[in-house]
Amino acid sequence: MTINENTKLSDILAAYPWLLDELARTEPRAKPFLAMMNTPLAKMTLKKATVADAAKYLKRPASKLLEKLDGVIQGYESRN
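Residues numbered from 1 in each chain as written. Predicted model: local features only at pLDDT ≥ 70, side-chain atom pairs only at ≥ 80, totals over all residues. Heavy atoms only, no water.

Draft legend 1. Spotlight on helix α2 (residues 19-26). When we look at burial in α2, the residues that qualify are Leu-19, Glu-22 and Leu-23. Within α2, the buried residues cover an arc of 100° as seen down the axis, which keeps them to one side. In α2, those exposed residues whose orientation departs by more than 90 degrees from the buried face are Asp-21 and Arg-25. In this fold, the buried residues of α2 make contact with α1 (9-15), α3 (31-36) and α6 (62-79). (Buried < 20%, exposed > 50% of the residue type's maximum accessible area, 1.4 Å probe, protein only. Helix = DSSP H or I, 4+ residues; strand = E, 2+ residues; numbered from the N terminus. Arc of directions from axis to C-beta. Contact = heavy atoms within 4.5 Å.)

Draft legend 2. Just the packing of helix α5 (residues 51-58) against α6, in detail. The geometry of α5 relative to α6 is characterised by a closest axis approach of 9 Å and an angle of 110° between their N-to-C directions. When the interaxial angle is binned, α5 and α6 end up roughly perpendicular. Residues Val-51, Ala-52, Ala-54, Ala-55 and Leu-58 of α5 touch α6, and the partners they reach there are Ala-62, Leu-65, Leu-66 and Leu-69. Residues belonging to the contact of α5 with α6 are distributed by class as follows: nine nonpolar, no polar and no charged. (Axes fitted to C-alpha atoms, helices over the stretch in contact; angles between N-to-C directions. Parallel < 35°, antiparallel > 145°, perpendicular 65-115°, else oblique. Nonpolar A, V, L, I, M, F, W, Y, C, P; charged D, E, K, R; others polar.)

Structure follows, in structure tokens:
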């Protein structure tokens, strides 16, 4: 899957269902965001939210978040 700043978070999670757990383990700053994603409102919003939206919420450039996602995905897949 090619991920860019316009990719919907729901599409990423459908392709990589383990990603939230792996991000929680490797990215401590994302824990509040990840915890919020388990709320009913977030689950509804998740369908429309993009990588750019998540980056804005986390107060970091989308390019850095994309690098992090790519690194986590590659690291996980190389271990499994």
